[in-house]
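So you can see what is in the structure, the chains are spelled out below.
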Amino acid sequence: MSESRNRKTISRESALQPASKGFVGDTVDEKALFERVSAIIENRKTRARSSANSEATLMFWEVGNYVNSVVLDAKRAAYGKQIVATLSPQLQEKYGKSFELTNLRRMMRFADEFPEFSIVATLSTQLSWSHIIELLPLKTSEARLFYAEDAATRRLGVRELRRQISRKAFERREIANSSLSEQSAVPFNAFKDPYLLDILDLKDNYLEADLENAIHADIQKFFLEFGRGFSFIERQKRMAIDGEDIVLDLLFYNRILKRLVAVDLKIGGFKAGYKSQMELYLAWLDENERQPGEEPPIGIILCASANRKKVEMLKMDKAGIVVAEYWTELPPKAVFESKIREILEEAQERLARRKTLRNGSMKQIDYFIEPKDDDNE
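None of these values were measured; they are calculated from a predicted model.

So, on to the overall build of the protein chain. Of regular secondary structure, the protein chain possesses 15 helices and 8 strands. Taking contacts inside the protein chain between residues at least 6 apart in sequence as the whole, the part at least 24 apart equals 58%. Element-wise, carbon and sulfur atoms account for 51% of the exposed surface of the protein chain, whose accessible area totals about 22900 Å².

Pasting the structure below:
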């Protein structure tokens, strides 16, 4: 056998690949060939797993939806439970442990809490059944959809999704939203309150510079807590105004909001004077850094503590400014959950009062402009 035949060769036409992708002259680069074929296989295996996960999730929803309809038709709760308890071992025997009683009931709950098939079809391509299981115990559909969207958009694993739920990301977003008025220049769902910065491992008696350094040193962890769409632009951003320099702690850009986000860090509690300082930052950024097609810059003042009533009275959201607390230490679980619940309830009460006052004001105006009846003239 000739040397040329011993040497593995392949024509460019049969390979349908350019020389830069696996060829040296007419000779196959065997290492490159192996790597590229391996990449094809891994890609297809990943897609096959994804497809299998998607089909399994849709199957579980369909099973749960159908069983729910049968149980509903049975009308009697006790009889419905008996139907499910009888069905589960039959399915297990034929299809395995996936249909044990606990999981079958999860399927029924899945179909009950996600009744829209179009939403389920989308989620099934992005989240695994293990993700779905973490969402089911949540109390409201709003919370379930928030965490589902967050996990899908940021491609969170099950462990990180569980962590976000335990750290009350949804409730903290709702607290932040409650401070925004209908005339707010700050978009809804952009921020949280408070932010949990225990991830930065700050020592006692830290300074403002220490906080800034810790954020910059582990920016990915910070963005995981801060939210979606953020990218780092600059720290200690200098702005020259009439020969005087002012310095912003951190400057971000959010591709979802399509705007610059100024971050001012404060070690102590919130002070009303911080508002004018942030307004100056935003005015300078709007004039000097805002690009065509971008929305106006917004700012967030992060403080160790904040009197939310005082913040509400200043109506800073109309100027594109929000205030949020940050916690550098996470209290025990029970204390943390109680504190978040308390803050959320207070925020909801303030929001309800604002709505009541606004509606009362509108009714009063309507009363004064209401024309008189002819009979009363």
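The N-to-C vectors of helix H8 (residues 141-154) and helix H9 (residues 158-166) enclose an angle of 140°; their axes lie 11 Å apart at closest approach. In terms of their interaxial angle, H8 and H9 are classed as oblique. For H8 against H9, the interelement crossing comes out right-handed. Where H8 abuts H9, its residues Tyr 147, Asp 150, Ala 151 and Arg 154 lie against Leu 161, Gln 164 and Ile 165. Here the residues of the contact of H8 with H9 sort into 4 nonpolar, 1 polar and 2 charged.

The sheet built from 6 strands is open, its strands ordered E3-E8-E7-E6-E5-E4 with mixed pairing. Strands at the two margins of the open sheet, each flanked by one partner only, are strand E3 (195-196) and strand E4 (230-241). Relative to strand E7 (residues 298-305), strand E6 (residues 259-269) is paired through 7 bridges, and the arrangement is parallel. Bridging from a neighbouring strand, Val 263 pairs with Ile 300 of E7.

So, on to unusual backbone geometry. Cis peptide bonds are those with omega within 30 degrees of zero, and the linkage from Asp 193 to Pro 194 qualifies with 0°. Relative to the elements of secondary structure, Pro 194 occurs in the loop between helix H10 (169-178) and E3. Phi angles above zero are rare outside glycine, and Arg 155 is one such case at about 55°. Relative to the assigned elements, Arg 155 resides in the loop between H8 and H9. In this model, Lys 168 sits at a positive phi of 60°, which is unusual for a non-glycine residue.

Counting 33 residues, the largest nonpolar core has Phe 110, Phe 114, Leu 127, Leu 135 and Tyr 147 as the members making the most contacts within it. Put simply, the parts of the chain that give this core at least two residues each are helix H3 (30-74), helix H4 (77-95), helix H5 (101-113), helix H6 (117-124), helix H7 (129-135), H8, H9 and H10. By residue number, the principal contributor to this core is H8, which donates 6 residues. What Phe 110 contacts, discounting residues up to four positions off in sequence, is Thr 57, Trp 61, Val 120, Trp 129, Ile 132 and Leu 136. Listed in part, the 30 residues of the second largest apolar core include Leu 197, Tyr 206, Val 261 and Tyr 326.

Another point: the pattern of salt bridges. Summed over the entire model, instances satisfying the criterion amount to 19 salt bridges. The partner of Glu 134 in a salt bridge is Arg 162, and the shortest N-O contact between them spans 3.1 Å. Placement of the pair is Glu 134 in helix H7 and Arg 162 in helix H9, with a sequence separation of 28 residues. With its nearest N and O atoms 3.1 Å apart, the salt bridge here joins Arg 308 to Asp 193. Here Asp 193 lies in the loop between H10 and E3 and Arg 308 lies in helix H14 (residues 308-314), a separation of 115 residues in the sequence.

A few words now on a negative patch on the surface. There is a patch of like negative charges on the surface, built from Glu 342, Glu 345, Glu 346 and Glu 349. Relative to the helices and strands, Glu 342 is located in helix H15 (residues 333-369).

So, about the side chain of Glu 312. Relative to the assigned elements, Glu 312 resides in helix H14. Exposure remark for Glu 312: the relative accessible area of 18% places this residue in the buried category. Side chain to side chain, Glu 312 and Arg 350 meet in a polar contact 3.3 Å long. If sequence neighbours within four positions are ignored, Glu 312 has contacts with Arg 350 and Arg 354.

This paragraph deals with the pairing of strand E8 (residues 321-327). For E8, the buried fraction is high: 7 of the 7 residues fall into the buried class. Alternating residues of E8 divide into Ile 321, Val 323, Glu 325 and Trp 327 and Val 322, Ala 324 and Tyr 326, and every residue in both groups is buried. Relative to E8, E3 runs parallel, the two being bridged by 2 bridges. Of the residues in E8, the one forming a bridge with Tyr 195 is Tyr 326. As paired strands, E7 and E8 are joined by 5 bridges and run parallel to one another. In the sheet register, Leu 302 faces E8, and the bridge partner there is Ala 324. Following the backbone out of E7, through H14 and into the adjacent parallel E8, one traces a crossover that is right-handed.

For E7, the buried fraction is high: 6 of the 8 residues fall into the buried class. Between E6 and its parallel partner E7, the chain crosses via helix H13 (residues 274-288), and the hand of that crossover is right-handed.

Conventions we followed
- Residues numbered from 1 in each chain as written.
- Predicted model: local features only at pLDDT ≥ 70, side-chain atom pairs only at ≥ 80, totals over all residues.
- Heavy atoms only, no water.
- Helix = DSSP H or I, 4+ residues; strand = E, 2+ residues; numbered from the N terminus.
- Contact = heavy atoms within 4.5 Å.
- Areas by Shrake-Rupley, 256 points an atom, 1.4 Å probe, with all protein chains shown as cover.
- Axes fitted to C-alpha atoms, helices over the stretch in contact; angles between N-to-C directions.
- Parallel < 35°, antiparallel > 145°, perpendicular 65-115°, else oblique.
- Left-handed = near helix turned anticlockwise from the far one by under 90°.
- Nonpolar A, V, L, I, M, F, W, Y, C, P; charged D, E, K, R; others polar.
- Pairing = 2+ DSSP bridges.
- Core = buried A, V, L, I, M, F, W, Y, C linked by side-chain atoms within 4.5 Å.
- Buried < 20%, exposed > 50% of the residue type's maximum accessible area, 1.4 Å probe, protein only.
- Salt bridge = Lys/Arg side-chain N within 4 Å of Asp/Glu carboxyl O.
- Patch = residues over 30% accessible without salt bridge, like charges linked within 9 Å, V, L, I, M, F, W, Y side chains within 5 Å.
- Lys, Arg positive; Asp, Glu negative; His and termini not counted.
- Charge placed at Lys NZ, Arg CZ, Asp CG, Glu CD.
- Polar contact = N/O pair within 3.5 Å; in protein donor to acceptor, adjacent residues only side chain to side chain.
- Right-handed = clockwise from strand over helix to strand, strands pointing away.

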